[in-house]
Amino acid sequence: MNAVNRVLFVASEAYPLIKTGGLADVAGTLPEVLRQGGLDVRLLLPAYADLLQRLESPPEVLAELAFDGHAVRILQCVLPGTSLRTWLVAHPLFSERAGNPYHDDGGNPWSDNADRFMLLSRAAAHISTCDTALQWRPDILHCNDWHTGPAIALAHLAQKRPRTVFTIHNLAHMGIFDRGVFDRLGLPGQFWQEQGLEYYGQCSFIKGGLVFADEITTVSPTYAREICESPGGMGLEGLLSQRRDHLLGILNGIDSRTWDPARDPHLVQTYDAGSLQHKSLNKSALQQQLGLQVREDCPLLGFVGRLVEQKGLELILPVIEQLLDSPAQVVILGTGEARYEEALQALAARRPDVLSVVLAYDETLAHRIEAAADIFLMPSLFEPCGLNQLYSLRYGTLPVVRAVGGLADTVVDATDQALDAGTATGFVFALPQPDDLLHATGRAIAAWHDQPVWRAMQLTAMAQDFSWQRSAERYLELYRSTTE
Ligand code: ADP
């Protein structure tokens, strides 16, 4: 066991300051839970324009750092809702552009993303390996996803370095740039090799983390296995299986303050396992809000998420009308690829009393759907961990999921055996086929009509423990057992 006191946790987004997906939920919660457990944790984020606007008070200027021909200021704030000291890398590359951190309104990646996230990475490596004006060096440098991969590679060049952990939240995003970018960024030539950042003739930022980190984690045990094989490894399965002894799957927890049906301020009516009958008030309120027929006699199916292939839109679209005719109502909240947005909008225009499609990013509505729906659809093609199925379980909204990644690790299919044992929490199917989704959802709808069975499953689902405390303990054990 090694002593661990200081941890620098580096990410490109963290709730509630800046969020596009599940990474923000993790970065907004895990460091704070580790801090509460006694560690001295700093969260390091880019000082995006949108993030600066969301701060409750102006941040303190902590230090000016210069490294590798760059100058940045480090600002300090407290992550809202926590006591976590958060450091912001301030530079025009981040602060002079409003909007999404990764892409423009048309979904095209910002053309200088390589420069921006290399700057974040360089700042993290510099703080971790040099005596800076911050007078604080971590024992553990914990980086997340491709934006921070080079930080680990750079830290490993230093004489004195912290132990390093790299977490994969989604391997599909690798931060790939061409050779010209690699040269322009002035990266050491020794990184241009297979055991470096090279990826089939291009440069991949995520490889910095995968090749060099002392320990790699990902966000569920099943995803950890899937990425060591094709197709889950997406061309990196060779490298990842070589590193299998240093690859661990730790399930994400959920932010149980924000996602708690008993005290969720977004809900029309709060409820818990002892007052489940109140859940239906959320259903009628949402039906009303969205202009659906207000009726109790058919199930409401919910979907919240990015409208991209990964989330199983190719499975949902071909069967959605059959689902509506079962009968059922469907509510979909998300933004994403135009082809999916358009197809869903066209369907909703034809069936407005049973299908509601909201093309927006809306936290309040996401909470309301979790509380109002009876059944939650999450037929992902792959899913590193997935948060929405965890929220659904907590809200007694039974999920229909594909048996992949974190979905397979967190939802127990309602087989006869599981129902008898009282362990069933949802409906699981294996193959990425629309008919298999239809069949699993059909099983869910049939179970919903059998109220005693449904109620028992809801209570089992709501009693599951997906708290961050459990996950944080696993990270702490890993930090302590990690050696250089
Ligand atoms: P991913 O990180 O792949 O997008 P996750 O299920 O792990 O998927 O996390 C998605 C997170 O983003 C959840 O907190 C979910 O509620 C939220 N989310 C996604 N799309 C929307 C939306 N349109 N409105 C509100 N919240 C959303």
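Remember, predicted model here, so these are calculated numbers, not experimental data.

S.K.: Lay out the side chain of T460 in plain terms, naming residues and giving numbers.
M.R.: For T460, the position within the fold is in helix α19 (residues 451-462). On the basis of relative accessible area, T460 is assigned to the buried category, the value being 17%. At a separation of 3.0 Å, a polar atom in the side chain of T460 contacts the main-chain carbonyl oxygen of A456. The residues contacting T460, other than those within four sequence positions of it, are G422, T423, A424 and T425.

S.K.: Which residues make up the pattern of salt bridges, and what values do they have?
M.R.: If you walk through the whole model with that rule in mind, you get 22 salt bridges. For R263, the salt bridge goes to D260, with nearest N and O atoms at 2.8 Å. In this structure R263 comes out as exposed when scored by relative accessible area, which is 53%. The salt bridge involving D413 is made with R443; its shortest N-O contact spans 3.0 Å. Of this pair, D413 sits in the loop between α16 (405-410) and α17 (416-421) while R443 sits in helix α18 (residues 434-448), and the two are 30 residues apart along the sequence. Look at the salt bridges and you will find they share partners, linking E321, D325, R350 and R351 into a network.

S.K.: Give me the lowdown on unusual backbone geometry, citing residues and values where you can.
M.R.: Of the consecutive residues Y15 and P16, the connecting peptide bond is found in the cis state with omega at 5 degrees. For P16, the position within the fold is in the loop between β1 (6-10) and α1 (22-27). Omega for the peptide link from S230 to P231 comes to 5 degrees, which places this bond in the cis form. Position of P231 among the secondary structure elements: in the loop between α9 (221-226) and α10 (237-242). Positive phi values are uncommon outside glycine, yet Q135 reaches one of about 50 degrees. By the secondary structure assignment, Q135 is in the loop between α5 (113-129) and β6 (140-144). Of note in the backbone geometry, Y200 takes a positive phi value of approximately 45 degrees without being a glycine. Using a relative accessible area of 64% as the deciding quantity, one classes Y200 as exposed.

S.K.: Break down the sheet that holds strand β5 (residues 85-90) for me, with residues and values.
M.R.: Reading across the sheet, the 9 strands line up as β3-β4-β5-β2-β1-β6-β7-β11-β12 and stay open at both edges, with mixed pairing between neighbours. Of all the strands in the sheet, the pair left with one neighbour each is β3 (60-67) and β12 (247-249). Neighbouring strand axes in the sheet, compared pairwise and without regard to direction, differ in orientation by 25 degrees on average. As defined by bridge partners, β3 adjoins strand β4 (residues 70-78) across 7 bridges and the pair is classed as antiparallel. When the sheet's bridge partners are listed, A66 is paired in β4 with A71. Each of β1, β2 (40-46), β3, β4, β5 and β6 touches α5; the most contacted strand, β3, lies at about 95 degrees to it. Helix-sheet contacts for helix α20 (residues 468-481) involve β1, β6, β7 (163-168), β11 (215-218) and β12, and the interaxial angle to β7 is about 145 degrees.

S.K.: Would you mind going over the domain arrangement of the protein chain in detail, with residue names and values included?
M.R.: Domain boundaries in the protein chain define domain 1 (6-253 + 468-482) and domain 2 (273-462). With centres defined by C-alpha atoms, the gap from domain 1 to domain 2 works out at 32 Å. Tallying the contact residues gives 18 residues for domain 1 and 17 residues for domain 2. Summing the contributions of domain 1 and of domain 2, the shared interface buries around 1200 Å²; its carbon and sulfur component is 58%. Among the salt bridges present, the one from K19 reaches E363, with a minimum N-O distance of 3.6 Å. Remark: the boundary between domain 1 and domain 2 carries 6 residue pairs in polar contact (both at pLDDT 80 or more). Breaking the side of domain 1 that touches domain 2 down by element, the ones donating at least two residues are α1 and α9.

S.K.: Account for the packing of helix α11 (residues 279-290) against helix α14 (residues 363-372), with residues named and values stated.
M.R.: For any two helices packed against each other, one specifies the inter-axial angle together with the distance between the axes. Closest axis-to-axis distance for the α11/α14 pair is 8 Å, and the angle between their directions is 130 degrees. Accordingly, the angle class assigned to the pair α11 and α14 is oblique. Every pair of crossing elements has a handedness; the one defined by α11 and α14 is left-handed. Contact residues: K279, N282, K283, L286, Q289 and L290 in α11; L365, R368, I369, E370, A371 and A372 in α14. Across the contact of α11 with α14, the residue classes tally to 6 nonpolar, 2 polar and 4 charged.

S.K.: Lay out the nonpolar core in plain terms, naming residues and giving numbers.
M.R.: Ranked by size, the top nonpolar core spans 96 residues in total, and within it L171, L210, L240 and Y479 carry the most contacts. The dominant element in this core, judged by the number of residues it contributes, is α5, at 9 residues. For Y479, the residues in contact, after removing those within four places along its chain, are V4, V7, F9, L34, L39, I140, H142, R163 and V165. Of all hydrophobic cores here, the second largest spans 74 residues; its members include Y271, Y340, L387 and L437.

About the cut-offs
- Residues numbered from 1 in each chain as written.
- Predicted model: local features only at pLDDT ≥ 70, side-chain atom pairs only at ≥ 80, totals over all residues.
- Heavy atoms only, no water.
- Helix = DSSP H or I, 4+ residues; strand = E, 2+ residues; numbered from the N terminus.
- Buried < 20%, exposed > 50% of the residue type's maximum accessible area, 1.4 Å probe, protein only.
- Polar contact = N/O pair within 3.5 Å; in protein donor to acceptor, adjacent residues only side chain to side chain.
- Contact = heavy atoms within 4.5 Å.
- Salt bridge = Lys/Arg side-chain N within 4 Å of Asp/Glu carboxyl O.
- Pairing = 2+ DSSP bridges.
- Axes fitted to C-alpha atoms, helices over the stretch in contact; angles between N-to-C directions.
- Domains from an automatic or database assignment.
- Buried area = accessible area lost by both parts, 1.4 Å probe.
- Parallel < 35°, antiparallel > 145°, perpendicular 65-115°, else oblique.
- Left-handed = near helix turned anticlockwise from the far one by under 90°.
- Nonpolar A, V, L, I, M, F, W, Y, C, P; charged D, E, K, R; others polar.
- Core = buried A, V, L, I, M, F, W, Y, C linked by side-chain atoms within 4.5 Å.

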